[in-house]
Amino acid sequence: MERPILYLAITNHGFGHATRIASVAATIQKLCPEVLLILVTTAPRWLLECYIEGDFIYRPRAFDLGVVQTDSLTMDKVATLEKLLDIKKHQNSLIASEVNFIRQNRVNLILADIPFLAPGFAKGANIPCWMMSNFGWDFIYRDWGGEFSVVADWISDWYSKCDRLFRLPFHEPMPAFNNITDVGLTGGSPRHSAEKLRSLWRITTPVEKTILLTFGGLGLQQIPYENLRRFPDWQFIVFDQSAPDLPNLVKIDDRKYRPVDFMSICGRVISKPGYSTFAEATLLGVPIVTIPREDFAEATFLIEGITNYNQHQIITPSEFFQGTWDFLRELPQLPKQSEPIAKDGNEAIAYAVINYFESNKVL
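Quantities reported herein were computed from a predicted structural model and do not represent experimental measurements.

Participant: Help me understand the environment of Gln 313, please; the structure alone is not making it clear to me.
Facilitator: By the element assignment, Gln 313 lies in strand S15 (residues 312–314). Apart from the residues within four sequence positions on either side, Gln 313 is in contact with Arg 268, Ile 288, Val 289, Thr 290, Phe 327, Glu 330, Leu 331 and Pro 332. For Gln 313, the side chain forms a polar contact with the side chain of Arg 268, separated by 2.6 Å.

Have a look at this one:
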């Protein structure tokens, strides 16, 4: 019998979409090694390999762009609109190219996070398209108004052709989708012991004085690193290779290590609002410090999510960029909800995919 083949289409924006669908792909692979994974993304292969231990096919393609950004907090709406209109203009050729690839490779099912053209690939290839996300790009663009409203309508129409959505926590309503299954948090889990990490990276501070700074794949150029000098008996962990050399700053320069690997030895994670970081920190019960983002509609739902389900500190941009970081000397606030959030997203989606293969006699 031929192997069941899963085509995973990933939004071309930062690293968060790639890491969360890779977490699900890794769970599928562990539960059912016979499934052949095809990951379709412009995210670097090394990033996917940090999450997926077994083999997979890597197809570097982009079908959307998310938002054009210079760093984690700065957006270029003019360039974003220009590129979206270019995708709209060439959508038929983009779809035709992928339909041809999907047919040639005998793909059985598409799982997408969350490029809007993916349902078009599925319809052309006569297979189902499932999606997973906590927001749709129609929601982001519609919030910007003007010419983006027409683009948002076009994207909503594509999303309405999706066969099933796994809606992740910290979500907007996602009304374009007709068949919604709510699932728990997704994300990776630490691969290395606390003892190994502390020894290898010379981390000697207690957990409460060890802080992870992570701003996703796009980074953040203007982190006020000089503030770290105010905390000489603390240690700060970053993945930013352009950060200054400070005695209490640990720069992780080995690609096999991920932010989630260090979370369990940290007392707090300082991050922009982003689903993957928030979800992984919440899965591990590590408090989050974050900055609101007025210009990114998803941020409202993310911040509501962590205030409900994780210890948190919501600080102002001026406290982060111009302040003295005294917030680190204060205790995080407790979550508002007493009931814990569901944490079974990886498994719920993985079992649904495997059950689909089994019920359609592909497995």
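Participant: Sorry, what's going on with the nonpolar core here?
Facilitator: One broad rule of soluble globular proteins: the nonpolar side chains tend to lie buried together. Counting residues in hydrophobic clusters, the biggest one holds 61 residues, and the most contacted among them are Leu 6, Leu 37, Ile 52, Leu 111, Ile 237 and Phe 262. The two domains that each donate at least three residues to this core are domain 1 (5–185 + 344–360) and domain 2 (194–329). Not counting the four nearest positions on each side in its chain, Leu 37 is found in contact with Leu 6, Leu 8, Ala 25, Gln 29, Ile 52, Phe 56 and Ile 57. Listed in part, the 49 residues of the second largest apolar core include Val 40, Phe 101, Cys 129 and Trp 144.

Participant: Please clarify how the sheet that holds strand S11 (residues 235–238) should be interpreted in this entry.
Facilitator: The strands making up a sheet associate through hydrogen bonds between their backbones, and the pairing can be parallel or antiparallel. Here six strands make up an open sheet; going across it, the order is S12-S11-S10-S13-S14-S15 and the pairing parallel. Among the strands making up the open sheet, the edge pair consists of strand S12 (249–251) and S15. Strand-to-strand twist of the sheet, defined as the mean angle between neighbouring strand axes without regard to direction, takes the value 20°. Across three bridges, S11 lies against S12 in parallel orientation. Considered in S12, the bridge of Ile 237 is made with Val 250. Contacting strand S10 (210–214), strand S13 (268–271) and strand S14 (288–290), helix H10 (residues 275–284) crosses the sheet at an angle of about 155° to S14. The strands touched by helix H11 (residues 298–309) within the sheet are S14 and S15, with S15 carrying the most contacts at an inclination of about 140°.

Participant: Sorry if this is basic, but what is going on with unusual backbone geometry here?
Facilitator: Peptide bonds are mostly trans, and most non-glycine residues show a negative phi. Here Asp 113 and Ile 114 are connected by a cis peptide whose omega angle stands at -20°. Relative to the elements of secondary structure, Ile 114 occurs in the loop between strand S6 (109–113) and helix H5 (118–125). With a phi close to 65°, Trp 325 is a non-glycine residue in the positive phi region. Relative to the assigned elements, Trp 325 resides in the loop between helix H12 (317–321) and helix H13 (345–359). Trp 325 gets classed as buried once you look at its relative accessible area, which sits at 1%.

Participant: Where do I start with the domain arrangement of the protein in this structure?
Facilitator: Size of an interface: often given as the accessible area lost when the parts come together. Along its sequence, the protein is carved into domain 1 (5–185 + 344–360) and domain 2 (194–329). The C-alpha-based centres of domain 1 and domain 2 are spaced at 27 Å. Across the contact, 28 residues belong to domain 1 and 30 residues belong to domain 2. At the junction of domain 1 with domain 2, the criterion picks out zero salt bridges. Remark: the boundary between domain 1 and domain 2 carries four residue pairs in polar contact (both at pLDDT 80 or more). Among the secondary structure elements, those contributing two or more residues to the side of domain 1 that touches domain 2 are helix H1 (16–31), strand S4 (69–71) and helix H6 (137–142). Classifying every residue of the side of domain 1 that touches domain 2 gives 17 nonpolar, seven polar and four charged.

Participant: What is the right way to read the side chain of Thr 11 from this model?
Facilitator: Looking at where Thr 11 falls in the secondary structure, it is placed in the loop between strand S1 (5–10) and H1. Side-chain polar atoms of Thr 11 contact the side chain of Asp 64, separated by 2.7 Å. For Thr 11, the side chain forms a polar contact with the side chain of Trp 137, separated by 3.1 Å. Dropping the residues within four chain positions of it, Thr 11 is found in contact with His 17, Asp 64, Asp 113, Ile 114, Pro 115 and Trp 137.

Participant: Sorry, what's going on with the state of the cysteines here?
Facilitator: A full pass over the atoms with the stated rule returns zero disulfides. Cysteine Cys 129 remains unbridged, with the sulfur of Cys 162 as its closest cysteine sulfur at 4.9 Å.

Participant: Hey, could you run me through the sheet that holds S1 in this one?
Facilitator: Spatially, S3-S2-S1-S6-S7-S8-S9 is the arrangement adopted by the seven strands of the open sheet, whose pairing is parallel. Looking at which strands have only one partner, the edges of the open sheet turn out to be strand S3 (57–59) and strand S9 (180–182). Across the sheet, the mean angle from the axis of one strand to that of its neighbour is 20°, orientation sign disregarded. Where strand S2 (residues 36–40) meets S3, three bridges bridge the pair, whose relative direction is parallel. Across the sheet, the residue bridging to Leu 39 is Tyr 58, located in S3. Packing against the sheet, H1 makes contact with S1, S2, S6 and strand S7 (129–133), and its axis sits at approximately 165° to S1. Across the face of the sheet, H5 comes into contact with S1, S6 and S7 while running at roughly 165° to S7.

What counts as what
Residues numbered from 1 in each chain as written. Predicted model: local features only at pLDDT ≥ 70, side-chain atom pairs only at ≥ 80, totals over all residues. Heavy atoms only, no water. Helix = DSSP H or I, 4+ residues; strand = E, 2+ residues; numbered from the N terminus. Contact = heavy atoms within 4.5 Å. Polar contact = N/O pair within 3.5 Å; in protein donor to acceptor, adjacent residues only side chain to side chain. Core = buried A, V, L, I, M, F, W, Y, C linked by side-chain atoms within 4.5 Å. Buried < 20%, exposed > 50% of the residue type's maximum accessible area, 1.4 Å probe, protein only. Domains from an automatic or database assignment. Pairing = 2+ DSSP bridges. Axes fitted to C-alpha atoms, helices over the stretch in contact; angles between N-to-C directions. Salt bridge = Lys/Arg side-chain N within 4 Å of Asp/Glu carboxyl O. Nonpolar A, V, L, I, M, F, W, Y, C, P; charged D, E, K, R; others polar. Disulfide = S-S within 2.5 Å.

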